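As a plain string of letters, each chain reads:
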Amino acid sequence: MQRVFWSSFAAATAIYLVMVFWTMPTISDAAGGMVPFDMRPFGYTAQEARNFLTSLTADGRDFYLSVQLRLDLIYPALLGIMLIVGFQNLFERPWSMVFSFVALIMVSADYLENYMVATMLHSGADGLEDSVVSFASFWTRCKSAAATLAIVGLLSGAALRVRRRWA
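This section reports on the structure supplied with the text. (Residues numbered from 1 in each chain as written. Predicted model: local features only at pLDDT ≥ 70, side-chain atom pairs only at ≥ 80, totals over all residues. Heavy atoms only, no water.)

Remarks on a nonpolar patch on the surface
- A grouping of Y16, L17 and F21 is seen on the molecular surface, where their side chains present a nonpolar patch of about 340 Å² in accessible area.
- Among the secondary structure elements, Y16 is positioned in helix α1 (residues 2-30).
- Taking relative accessible area as the criterion, Y16 reaches 39% and is therefore assigned partly exposed. (Patch = residues over 30% accessible without salt bridge, like charges linked within 9 Å, V, L, I, M, F, W, Y side chains within 5 Å. Areas by Shrake-Rupley, 256 points an atom, 1.4 Å probe, with all protein chains shown as cover. Salt bridge = Lys/Arg side-chain N within 4 Å of Asp/Glu carboxyl O. Helix = DSSP H or I, 4+ residues; strand = E, 2+ residues; numbered from the N terminus. Buried < 20%, exposed > 50% of the residue type's maximum accessible area, 1.4 Å probe, protein only.)

Looking at the packing of helix α4 (residues 95-127) against helix α5 (residues 130-166)
- Packing of α4 against α5 leaves a shortest axis separation of 8 Å and a crossing angle of 150°. Relative to α5, the element α4 lies roughly antiparallel. The way α4 lies across α5 gives a crossing that is left-handed.
- Here the residues of the contact of α4 with α5 sort into 18 nonpolar, 3 polar and 3 charged. (Axes fitted to C-alpha atoms, helices over the stretch in contact; angles between N-to-C directions. Parallel < 35°, antiparallel > 145°, perpendicular 65-115°, else oblique. Left-handed = near helix turned anticlockwise from the far one by under 90°. Nonpolar A, V, L, I, M, F, W, Y, C, P; charged D, E, K, R; others polar.)

Observations regarding the packing of helix α3 (residues 58-90) against α4
- Running from N to C, α3 and α4 cross one another at 175°; their axes reach a closest spacing of 9 Å. Between α3 and α4, the angle is such that the two are roughly antiparallel.
- Of the residues that constitute the contact of α3 with α4, the class distribution is 21 nonpolar, 6 polar and 3 charged.

Remarks on the nonpolar core
- Counting residues in each nonpolar core, the largest one holds 26 residues, and the members touching the most others are F37, Y64 and M120.
- Contributing elements (two or more residues each) for this core: α1, α2 (46-55), α3, α4 and α5.
- With 7 residues, α4 is the largest single contributor of residues to this core.
- Not counting the four nearest positions on each side in its chain, F37 is found in contact with Y44, A49, F52, L53, Y64, E113, V117, M120 and T140.
- Ranked by size, the runner-up nonpolar core spans 22 residues in total, among them L78, L79, F87 and M106. (Core = buried A, V, L, I, M, F, W, Y, C linked by side-chain atoms within 4.5 Å. Contact = heavy atoms within 4.5 Å.)

What to know about the environment of S96
- Mapped onto the elements, S96 comes out in helix α4.
- Along the sequence, S96 and G157 sit 61 residues apart, while their C-alpha atoms lie 9.8 Å from each other.
- Excluding anything up to four places from it in sequence, S96 contacts F87, Q88 and F91.

With respect to α1
- If you check α1, its first and last C-alpha atoms are 40 Å apart, about what 29 residues at 1.5 Å a residue would give, namely 42 Å.
- At M19, α1 shows its maximal kink, close to 40°.
- Those residues of α1 that are buried lie in contact with α2, α3 and α5. (Expected span 1.5 Å × (residues − 1). Bend = angle between axes of the 7 residues up to and from the residue.)

Overview of the pattern of salt bridges
- In the structure shown here, the tally under the stated rule is 3 salt bridges.
- With a closest N to O distance of 3.0 Å, D62 and R61 form a salt bridge.
- Taking the relative accessible area as the measure of exposure, D62 reaches 38% and is therefore partly exposed.
- You can call R61 partly exposed: its relative accessible area is 27%.

Looking at the packing of aromatic side chains
- Enumeration according to the criterion identifies 15 aromatic pairs in this entry.
- Summarising the aromatic geometry, the rings of W6 and F9 are spaced 5.4 Å apart at their centres and angled 80° between planes, so their arrangement reads as edge-to-face. With W6 and F9 both in helix α1 and 3 residues apart, this pair spans about one turn of that helix.
- Owing to a relative accessible area of 51%, W6 belongs among the exposed residues under this scheme.
- Ring centres of W95 and F99 lie 6.2 Å apart, and the angle between their planes is 40°; on these two criteria the pair is classed as tilted. Separated by 4 residues within a single helix, W95 and F99 lie in helix α4, roughly one turn from each other.
- F99 sits in the buried class, given a relative accessible area of 18%.
- Aromatic ring contacts, followed pair by pair, group F37, Y44, F52 and Y64 into a single cluster. (Phe/Tyr/Trp six-rings, centres within 6.5 Å; stacked < 30°, edge-to-face > 60°.)

Take a look at the structure:
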């Protein structure tokens, strides 16, 4: 189990670093410095989405749809595996199951967010409906909240494990 945890941790971290230091800055530059949808943990309004899509160049849109969203097909699954294996190793039932469920919510919300972001990118600013933006923003906020809970849970479990070993 530790091998699975550390392998998924290393792969997820590598992809995260690629996204944070390459794909997201590339997309932001192509949108005149605006923050991509994936990096807005508190969501976005319809007007903010339209402004982003209006500012995003055609090459930036293509890059978002191809490179970023392809990386974001792999990243949630790897992060979810890492978290669930970590929870199973750090916590007894029922807490391992509760935190694993939170991780599954995070992964599901991330995939739904990706689908909705792709829908918005294909729609463009002129064809974008407010309901699509609201739905996309909802999944972005859900992903962010669940990810925060999951990471805090994992770090708390690791801290408790270290504390027990030193006590």
